[in-house]
Amino acid sequence: MFKLLNFRKLILVAFIVVSFAVGAQNALATGSITKQYSFNYTDGAYPYGSLINISGVLYGTTYQGGVNNAGTLFAWDPVTNTITKQYSFNSSDG
């Protein structure tokens, strides 16, 4: 359990550091922001924090939703425009 909590904190810190630069650069290059996806509670709700780019796939978290309504870890592939829920947090780790 302790390792999972530390892993989640590491992911959140990485989201903030890496994605701020990537997202800002893309928004500045295009001059616009476009909605890409609407969460449906099953795959998460209320995205929280920034995204992290790992090999072209963007990872992020949601504040609510998922199996336990404690948030999710998701992956978005911008090439295929698909979101995949990676993990549903629970009251112990979410």
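Above: the structure in question.
Predicted, not measured: the structure shown is a model, and the values here were computed from it.

Details of unusual backbone geometry
Okay, step 1: For Y46, which is not a glycine, the phi torsion comes out positive at approximately 60°.
Okay, step 2: Tracing the backbone through its elements, the reader meets Y46 in strand 1 (residues 45-54).
Okay, step 3: The backbone phi angle of S55 is positive, close to 55°, even though this residue is not glycine.
Okay, step 4: For S55, the position within the fold is in the loop between strand 1 and strand 2 (57-64).

Some remarks on the sheet that holds strand 3 (residues 72-77)
Okay, step 1: Reading across the sheet, the four strands line up as 1-2-3-4 and stay open at both edges, with antiparallel pairing between neighbours. Single-partner strands in this sheet number two, and they are strand 1 and strand 4 (82-88). Across the sheet, the mean angle from the axis of one strand to that of its neighbour is 25°, orientation sign disregarded.
Okay, step 2: The sheet contact formed by strand 2 and strand 3 spans four bridges and is antiparallel. When the bridges of strand 3 are listed, L58 appears paired with W76.

About the cut-offs
Each chain carries its own residue numbering, running from 1 in the direction its sequence is written. Whole-chain, interface and lining totals are the exception, using all residues; otherwise, since this is a predicted model, local features are given only for residues with pLDDT of at least 70 and side-chain atom pairs are given and counted only at 80 or more. To obtain the side-chain values, all non-hydrogen atoms of the structure were used and water was disregarded. Helix and strand definitions here come from DSSP, where helices need a minimum of 4 consecutive H or I residues and strands a minimum of 2 consecutive E residues; each element is numbered from the N-terminal end. Whether two strands pair comes down to DSSP finding at least two bridges between them. Between N-to-C directions, angles cover 0 to 180 degrees, with each direction set by a line fitted to C-alpha atoms, over the stretch in contact for helices.

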